[in-house]
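Overview (structure and organization)
The residues making up each chain are set out below.
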Number of protein chains: 2
Amino acid sequence: MNIPQLNLIHNATMEILADTGVAFHSEKAVSLFKQHGFKTDGQLVFPTEQQVQNALEHAPSTFTLHARNPVRDIIIGGEPALSPGYGAPHMITASGTKRNATLADYHQFCKLGHSSDVINVTGFLMVDPTDLPHAHYHLDMLLANISYSDQPFMGSPLSAVTARDALEMARIVFGDVGRPVMVSNINALAPLQYAEEMAEALMAFAGDRQPLLITGGGIMGATAPMKIAGLMVVSNAAILAGIVLSQLAAPGAPVVYGTGGSPMDMSSGSFYLGSAEMHLTMASGAALARYYNLPCRSGGGLTDAHTLDFQAGAQAGLALLATRQNRIDFVLHTCGILGAYMAMNLAKFIADEELWRTVTKITSEVAVDENTIDLDTIREVGVGGQYLTHPRTFELCRTEFQPTEIMNRLSYDSWQSSDDTDIAARAYRIAQKRLEAYEKPDMDPAIQRDLQNFVSKRKQA
Amino acid sequence: MNIPQLNLIHNATMEILADTGVAFHSEKAVSLFKQHGFKTDGQLVFPTEQQVQNALEHAPSTFTLHARNPVRDIIIGGEPALSPGYGAPHMITASGTKRNATLADYHQFCKLGHSSDVINVTGFLMVDPTDLPHAHYHLDMLLANISYSDQPFMGSPLSAVTARDALEMARIVFGDVGRPVMVSNINALAPLQYAEEMAEALMAFAGDRQPLLITGGGIMGATAPMKIAGLMVVSNAAILAGIVLSQLAAPGAPVVYGTGGSPMDMSSGSFYLGSAEMHLTMASGAALARYYNLPCRSGGGLTDAHTLDFQAGAQAGLALLATRQNRIDFVLHTCGILGAYMAMNLAKFIADEELWRTVTKITSEVAVDENTIDLDTIREVGVGGQYLTHPRTFELCRTEFQPTEIMNRLSYDSWQSSDDTDIAARAYRIAQKRLEAYEKPDMDPAIQRDLQNFVSKRKQA
């Protein structure tokens, strides 16, 4: 989208905020808006353009997300922050069957994330464990995030209570939370609403200046308009209203502009992700984030496939390349996700890691200079010669080309006779090896004890 | 690549042409160069920058490729020309086994191409039939190209003889060949050579002003340098020398700048296509073609996988998106190719067609205006409403979203109980249906008879 188009989206958004408004189903949120002189009507809030601009002026365009291991700090808005799948209720097993996810699965994804050269933010709710009471399971997930990895992690935005628990645990680890130490995902409810829990988690995190992904979007033809321009307006209105609330909670609280959206399949009623329209909403959302000078969230290894088949490869590959090309700053669902957000899978995690490395090189610049052109070698090999035994080939052959962990490069006959024809099985073995070789990062025993005590105490409450 | 980088590649290429030269293993070619005052040494030719510039000034930047059905004419350098796989010796069957390709397979790809909404150029050598004597099989393939489809087709560049046969058959169909009626693929031999057959086929086609894809490239670390900048110089020198020859044969003969290149796998010695490096050579080659104001050839649904697995989806999807994004003008291998050029497959053909439609929409512009924003609908649905039953959704739901032929959009349970979980089987069924429904396009019976007579006569010669 170009600037005149973005201006059209922005102006239409301002009209919707002025005459339709956004509902915050939280008295606390509405009263905070009221305190600051916003026009409200019941749960509806009507931010003016000036009020939106005030908020945008305070929200930073980049910020550092701190890790308990400082070498793993990340600048959000610098290099992409990459977290695994989010919110999946199911696991797809190595044999392709679906089952409910458990806390043990959650631990595996913490470990894979920690040992990954791609993932740099341990997620939250990477799977939605079904073997624990939901009232307390955020504590188990947060404890796992912090214990199994020393990367930055994501907080629990399920309600104000879970947000406060996350903030308490972060205080135990970091001493204070005056700087960004975890990032939490706030989803608006399409169209144009925030659930009470989301609004209050948003206020709690932002109040302590902890970064938020504030995400709009919707299902085109169900909770959002059929056309992308319309979707972007409704989504933008919701996101901007959430950003305004975050800046009322604490001016300068870091926020990431999150967008998404894909159609509903009119024949089955299913929401599907593997659509060209999803790519266009990703690109449009990234353009809007930059228009507002904010980091953006979108993308990931998205697919509607339930197994590592042709569809999964095509959709995840295309989505990850688009994620790179649109310079998405924070990526949920980078690795492991299947079935339109519904399931996680160990082999897919490994496959998505490789796809990310590939799209990273694909989008890199080709170096062109005397050294890379290397006329001497070209002259030495000359007409009809070969480069295979040239010293320059020996010198570069271990580092120049991107290696593969999972892709087949053998001829048909060698591949067939290798007894290793299934790429999903290959990826699954790599995941298992990584999990076997995993080593828990060191943690101060006093902090460990305090975290454990906090979790136990809160579970008894 | 930016202009200063392209200048570096160009200048290095001029140095190689001046001091290393390009070998044409054809006396006819060398003597044509000599006649025009080129410096030569045995089979080596050393074009000067001025001689290269003269050739580039004559080669057109766009041209119309005529079809026997004029509504299927294509402007090369306008919308992309898309042809199926090229040169595959094998077929991968529906069950995944490899077998030698036959003329019957060739006919199937002619039919699929003719009935495709993606393929707009019937290829040549889509598979390399093993059930016919090689001395004459170009006649059978050309006859199939012309009979089974009324699209533009590709000529037979296997030698001067096959080129002349193709020109004769084109004369039977088109009356004369004063305009471009078929396009032929000329591959340089890396590094810096042209085989006798290729050079003489090039001269025959160009002499009759029939368009040529003149393609360099090479296998990085084997027949080409390890680094992309070096590969581009060697490849560019070969391509430009070929283009110079084409313009000596007939000034203004249409040429397409073809480039490619991917690494050799140093552990197995295999050439592989599914590499980030291939993407970078594609982008660099497209940039060089535009630098010279020529249409470019590259891309396709390239993969090293031997079956429609995750790898095939990821590699073909990424390669086809790159093909679109790099605005490749002529695409060989658009549909059907597997196993690093070694095999064709019916299901892959259908899958690649869908991927092409998808990447076409992904790279389209989002329309942003009052009508697509549609504030009235957004206001009518309002806060917390739904778009599903809105008249605007009914109005748009059949046309707005890209449909799918093969991708799953069902939930896991519906997918599992559908008894249709295999995407390759789904794609294969679609191919079969298309082949069953295929209807041969009309052809003047006199032309048909003359073509048949020509082929019979030539086979007896």
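What counts and what doesn't
- Residues numbered from 1 in each chain as written.
- Chains lettered and ligands numbered in written order.
- Predicted model: local features only at pLDDT ≥ 70, side-chain atom pairs only at ≥ 80, totals over all residues.
- Heavy atoms only, no water.
- Buried < 20%, exposed > 50% of the residue type's maximum accessible area, 1.4 Å probe, protein only.
- Helix = DSSP H or I, 4+ residues; strand = E, 2+ residues; numbered from the N terminus.
- Arc of directions from axis to C-beta.
- Contact = heavy atoms within 4.5 Å.
- Pairing = 2+ DSSP bridges.
- Least-squares fit on C-alpha atoms with pLDDT ≥ 70 in both.
- Phe/Tyr/Trp six-rings, centres within 6.5 Å; stacked < 30°, edge-to-face > 60°.
- Buried area = accessible area lost by both parts, 1.4 Å probe.
- Salt bridge = Lys/Arg side-chain N within 4 Å of Asp/Glu carboxyl O.
- Nonpolar A, V, L, I, M, F, W, Y, C, P; charged D, E, K, R; others polar.
- Axes fitted to C-alpha atoms, helices over the stretch in contact; angles between N-to-C directions.
- Disulfide = S-S within 2.5 Å.

1. Examining helix α3 (residues 49-58) of chain B
Residues and elements named next belong to chain B.
- Among all positions of α3, only Q51, V52, A55 and L56 are buried. Projected onto a plane normal to the axis of α3, the buried residues spread over an arc of 135° and lie on a single side. Exposed positions of α3 whose direction lies more than 90 degrees from the buried face are Q50 and E57.
- Each element contacted by the buried residues of α3 is listed here: α1 (3-19), β3 (44-46) and α8 (228-249).

2. Re the pairing of strand β12 (residues 212-215) of chain A
Residue and element names in this part refer to chain A.
- Every second residue of β12 is oriented toward a common face, with L212 and I214 on one face and L213 and T215 on the other, all of them buried.
- As paired elements, strand β10 (residues 182-187) and β12 share four bridges and run parallel to each other. Looking across to β12, one finds that N185 is bridged to L213.
- Looking at chain direction, β12 and strand β14 (residues 255-258) are connected through four bridges and run parallel. Bridging across to β14, T215 finds its partner in G258.

3. Quick word on the relation of the copies chain B and chain A
- Aligned on chain A, chain B shows an RMSD of 0.0 Å; the corresponding rotation is 180° and the shift along the axis is 0.0 Å. As the rotation angle and translation indicate, the two copies are arranged about a two-fold axis.
- The share of interface residues of chain B whose copies in chain A are also at the interface is 100%, consistent with both copies meeting through the same surface.

4. Topic: the packing of aromatic side chains
- Under the definition given, this model contains 18 aromatic pairs over all chains.
- Residues A:Y291 and A:Y292 carry aromatic rings whose centres are separated by 5.1 Å and whose planes lie at 75° to one another, so their mutual orientation is edge-to-face.
- According to the relative accessible area criterion, A:Y291 is partly exposed, its value standing at 25%.
- Here A:Y292 falls in the buried class, since its relative accessible area comes to 7%.
- Summarising the aromatic geometry, the rings of B:F33 and B:F38 are spaced 5.1 Å apart at their centres and angled 65° between planes, so their arrangement reads as edge-to-face.

5. Some remarks on the environment of B:P129
All names here are of chain B.
- Tracing the sequence through the fold places P129 in the loop between α4 (103-114) and α5 (137-148).
- Residue class for P129 comes out buried when judged on its relative accessible area of 0%.
- A sequence separation of 12 residues divides P129 from M141, and the C-alpha atoms of the two residues are 8.9 Å apart.
- With sequence-adjacent residues up to four places away left out, P129 is seen in contact with A101, T102, L103, H134, Y137 and M141.

6. Some thoughts on the interface of chain B and chain A
- Contacts between the two partners involve 102 residues from chain B, matched on the other side by 102 residues from chain A.
- Across the interface of chain B and chain A, roughly 8,700 Å² is buried in total on both sides, 71% from carbon and sulfur atoms.
- Where B:R379 meets A:E15, a salt bridge forms, and the shortest distance between an N and an O atom there is 2.9 Å.
- For the side of chain B that touches chain A, the element with the highest residue contribution is helix α10 (residues 310-325) of chain B, accounting for 10 residues.
- Looking at the side of chain B that touches chain A, its residues break down into 53 nonpolar, 32 polar and 17 charged.

7. Comments concerning the sheet that holds strand β11 (residues 193-194) of chain B
Residues and elements named next belong to chain B.
- The mixed open sheet is built from four strands, whose spatial order is β2-β3-β1-β11. Two strands close off the open sheet at either side, each with one partner strand: β2 (39-41) and β11.
- Two elements, β2 and β3, share three bridges in a ladder whose sense is antiparallel. The residue bridging D41 from the neighbouring strand is L44, located in β3.
- Contacts between α1 and the sheet are confined to β1 (22-24), β2 and β3, with β3 contributing the most and set at about 130° to the helix.
- α8 rests against β1 and β11 of the sheet, and its axis sits at about 45° to β1.

8. Focus on the sheet that holds strand β7 (residues 90-92) of chain B
Residue and element names in this part refer to chain B.
- Read from one edge to the other, the open sheet built from four strands follows the order β8-β7-β19-β18, with strand pairing classed as mixed. Two strands close off the open sheet at either side, each with one partner strand: β8 (98-100) and β18 (337-338).
- One ladder, built from two bridges, connects β18 with strand β19 (residues 343-344); its direction is antiparallel. For L338, the partnering residue across the bridge sits in β19 and is A343.

9. A few points about the state of the cysteines
- Evaluated as defined, the whole model comprises zero disulfides over all chains.
- The thiol of A:C110 is not disulfide-bonded; the next cysteine sulfur, from A:C335, is found 14 Å away.

Nothing here speaks to function; it is geometry throughout.
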